[in-house]
Amino acid sequence: MSTESVQPVEDFRLRAREWLAENMPRLEDRDASLDDPENDDASWARTKELQRKLWDGGFAGIGFPREYGGLGLTREHQRAFSAESAPYEMPLRINVPTLAICAATILDMGSEQQKRDRIGGALRGDELMVQFLSEPRGGSDLAGVTTKAERDGDVWILNGAKIWSSGAYAADYGLCLVRTDWSVPKHAGLTMFLVPVKAPGVTIRRIRQVNGSTEFCEEFFDDVMLPADAVVGEVNGGWAVASRQLYWERTAMGGGSPYISGVGRGIASAADQPLQALARAVGRVDDPKVRELIGESRANHLVQDHLVRRVMAGLAGGHLPGPSASMTRLFHAETDWRDSDIRLEIAGGAAVTGPVGDHGPGQVGEFFLNRQAGSLGGGSTEMARNVISERVLGMPREYAADRDVPFNQVEQGRA
Ligand SMILES: Cc1cc2nc3c(=O)[nH]c(=O)nc-3n(C[C@H](O)[C@H](O)[C@H](O)COP(=O)(O)OP(=O)(O)OC[C@H]3O[C@@H](n4cnc5c(N)ncnc54)[C@H](O)[C@@H]3O)c2cc1C
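Please read all numbers here as calculations on a predicted model, not as lab measurements.

Undergrad: Now, about the overall build of the chain: what can you tell me, with residues and values included?
TA: Along the backbone of the chain there are twelve helices and eight strands. In terms of overall dimensions, the chain is globule-like: its C-alpha atoms have a radius of gyration of 22 Å, near the 22 Å expected for 415 residues. Its C-alpha atoms put the chain at 65 × 55 × 45 Å along the principal axes. Relative to its full complement of 415 residues, the chain shows a buried share of 47%. Expressed as a percentage of contacts within the chain between residues at least 6 apart in sequence, the contacts between residues at least 24 apart total 74%. Put simply, the chain shows about 19600 Å² of open surface, and 52% of that area lies on carbon and sulfur atoms. Placing the 46 positive and 58 negative side-chain charges of the chain at their respective mean positions leaves the two points 3 Å apart.

Put into structure tokens, the structure is as follows:
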């Protein structure tokens, strides 16, 4: 895109402000029942409807290239739009993983057809994507996956199981990392496939958590037939695709994705609950200890914002290596975790006994049950620390008994 044709950020901001006011529903009018885990299907339908509105209004995919349906604009345009969109209901659930992780990976690693079909489908609000990475035997050792695909003439036959896939029941396609060659070391025998979630042979089971959420799924693949063009990247080159996907995942989890629209998360969470309002609700807004806690949280978020900008600028300018995105991912998780604790300290007993609806103090207790999720989703913080120490700071690699060993000779499970 030529620089002459880029609309100045401030003009874009004003155009977005006007359009949002005329077209997007205001947050205060939002149907609160859409946050209820039991009402999940309606929530996803609403997400698609809102994304379609963005598309029809010419505001979908601000950072995606024009040839794939986006606007081809800069991060500054994206930030301006997100800031303007704060008072409105936005299709936040489509941001992660569909746009910020899956579409971003396809943009970097997919075929021309995949880019046109899948990125376009997501930006129009027609399709959702998910990640089929983790397996029941362990998500951290991603290169150790045992779900497999075997070639049979023109097609691939997929068998195995994945787990902890967020929102898979609502999705249309999953980026699925599988083993296609067992005779080479673990990183060399992997292939990434785009699997249609509703294909014959795919069984999805929703997992019910202690907080009532059924967002997570496990999937079973029984002789699922995939055409050759379902491969993303190269056959047996899946680790390169997965590495790019992890990069985008860390970037999204750290709050630095150029591909999201809107601020906040897809579903109501602890981070959406203003601390001042909570302190007021429990009658502690003048308590010096509470004011200190609110200040601590504010400071953490300011540091996080600066860290994200600095790391993203370093990555864009090539001054920092790709794995540096783990720094923002780690800091984000730590801030989230601390915020959860701070909320509990402020709410005290009301976290358990207080009203739950409309961000009432009782929701603090409910969110607390889910507090560790941010330290696991997007790869655990222990793994982020490993990445930072080994690939950013250059410290020695941790011992791995399966390094350079053909995967079919690696001992699996316990002897
Ligand atoms: C909110 C959320 C959303 C998620 N969404 C998805 C999704 O959409 N798709 C998907 O595929 N998965 C998803 N996951 C799964 C997630 O990626 C895994 O939970 C994560 O990678 C950890 O894997 P595991 O649970 O199998 O733990 P394990 O790998 O069994 O690890 C257990 C513990 O040991 C630690 N550990 C393991 N190996 C090491 C090591 N070498 N060094 C130091 N510590 C280590 C881990 O950090 C962890 O604390 C999601 C998880 C959450 C919580």
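Undergrad: Residues and numbers for the state of the cysteines, please.
TA: Inspection of every chain in the model, using the stated rule, returns zero disulfides. Among the cysteines around C176, which has no disulfide bond, C102 carries the closest sulfur, lying 11 Å off. Overall, C176 belongs to the buried group, its relative accessible area being 0%. C217 forms no disulfide, and the closest cysteine sulfur to it belongs to C176, at a distance of 14 Å.

Undergrad: So what's going on with the packing of aromatic side chains? Residues and values would help.
TA: Counting across every chain of the model gives eleven aromatic pairs. For the ring pair F64 and Y259, a centre distance of 4.2 Å and an interplane angle of 25° mean the geometry is stacked. Separated by 195 residues along the polypeptide, F64 in the loop between α2 (40-57) and α3 (75-85) and Y259 in the loop between α6 (238-253) and α7 (275-281) bring together distant segments of the chain. The exposure class assigned to F64 is buried, which follows from its relative accessible area of 0%. On the basis of relative accessibility, which here comes to 12%, the residue Y259 falls in the buried class. Where Y247 meets W248, the ring centres are 4.9 Å apart and the plane angle is 70°; that geometry is what we call edge-to-face. Among the aromatic residues, those joined into a ring-pair cluster are F12, W19, F59 and F81. Above the plane of the ring of Y173 lies R118, whose end atom (NZ or CZ) is 3.9 Å from the centre. Over the aromatic face of Y169 sits the side chain of R206, whose NZ or CZ is 3.4 Å from the ring centroid.

Undergrad: Account for the pattern of salt bridges, with residues named and values stated.
TA: Summed over all chains, the structure comprises 30 salt bridges. Two residues, D172 and K198, come together in a salt bridge whose shortest N-O distance is 3.9 Å. Taken as a pair, D172 in the loop between β3 (155-166) and β4 (173-179) and K198 in the loop between β5 (190-196) and β6 (202-206) lie far apart in primary sequence, 26 residues in all. For K198, a relative accessible area of 59% corresponds to the exposed category. Of the charged contacts in the structure, one is a salt bridge between R205 and E218, with a shortest N-O distance of 2.3 Å. Here E218 lies in strand β7 (residues 216-227) and R205 lies in strand β6, a separation of 13 residues in the sequence. Judged by relative accessible area, R205 falls into the partly exposed class, the value being 46%. Of the residues examined, E218 reaches a relative accessible area of 11% and is grouped as buried. Members of the salt-bridge network, linked through shared partners, are E10, R13, R17 and E84.

Undergrad: Describe the site of the ligand, with residues and values.
TA: The environment of the ligand is made up of 19 residues, and the closest members are S134, G139, W164, S166 and S380. In this structure, L133 approaches the ligand through a main-chain N or O atom, which is 2.9 Å from an oxygen atom. In the model, a nitrogen atom of the ligand is placed 2.8 Å from a nitrogen or oxygen of the E398 side chain. Out of a free accessible area of 970 Å², the ligand has 69% covered by protein chains. Counting only elements with at least two residues in the shell around the ligand, the list comes to β3 and α12 (381-392). With four residues, β3 is the single largest residue contributor to the shell around the ligand. Split into classes, the residues belonging to the shell around the ligand amount to seven nonpolar, ten polar and two charged.

About the cut-offs
- Each residue is numbered by its place in its chain's sequence as written, counting from 1.
- Given that this is a predicted model, residues contribute local features only at a pLDDT of at least 70 and side-chain atom pairs are listed and counted only at 80 or more, while totals for whole chains, interfaces and linings are drawn from all residues.
- By convention in this description, side-chain values take in all heavy atoms of the structure and omit both hydrogens and water.
- A helix here means a DSSP run of H or I that spans at least four residues, while a strand means a run of E at least two residues long, and both kinds are numbered starting from the N terminus.
- Our radius of gyration looks at C-alpha atoms and nothing else; its globule reference is 2.2 Å times the residue count to the power 0.38.
- Only protein chains enter the accessibility calculation, which uses a 1.4 Å probe. A residue is then buried if its area is under 20% of the maximum for its type, exposed if over 50%, and partly exposed in between.
- Any pair of residues with heavy atoms lying within 4.5 Å of one another is described as a contacting pair.
- Areas reported as accessible are Shrake-Rupley estimates using a 1.4 Å probe. Residue values count occlusion only from the protein chains shown.
- This count recognises Lys and Arg as positive and Asp and Glu as negative, with His and chain-terminal groups excluded.
- Charge placement uses NZ in Lys and CZ in Arg. For Asp and Glu, CG and CD serve respectively.
- For this text, the term disulfide refers to a pair of cysteine sulfurs within 2.5 Å.
- Within 6.5 Å between ring centres, the rings of Phe, Tyr and Trp (the latter by its six-membered ring) count as paired, and their orientation is classed by plane angle as stacked under 30 degrees, edge-to-face over 60, tilted in between.
- Look at NZ for Lys and CZ for Arg. If either is within 6 Å of the ring centre and within 35 degrees of the ring normal, a charge sits over the ring.
- Here a salt bridge means any side-chain nitrogen of Lys or Arg lying within 4 Å of a carboxyl oxygen belonging to Asp or Glu.
- The rule for a residue being near a molecule or strand is that one of its heavy atoms must lie within 4 Å of it.
- Pairing of N or O atoms within 3.5 Å defines a polar contact, subject to two protein rules: one partner must be a possible hydrogen donor and the other a possible acceptor, and residues neighboring in sequence count only if both atoms are side-chain atoms.
- Residues were grouped as follows: Ala, Val, Leu, Ile, Met, Phe, Trp, Tyr, Cys and Pro as nonpolar; Asp, Glu, Lys and Arg as charged; and all remaining residues, including Gly, as polar.

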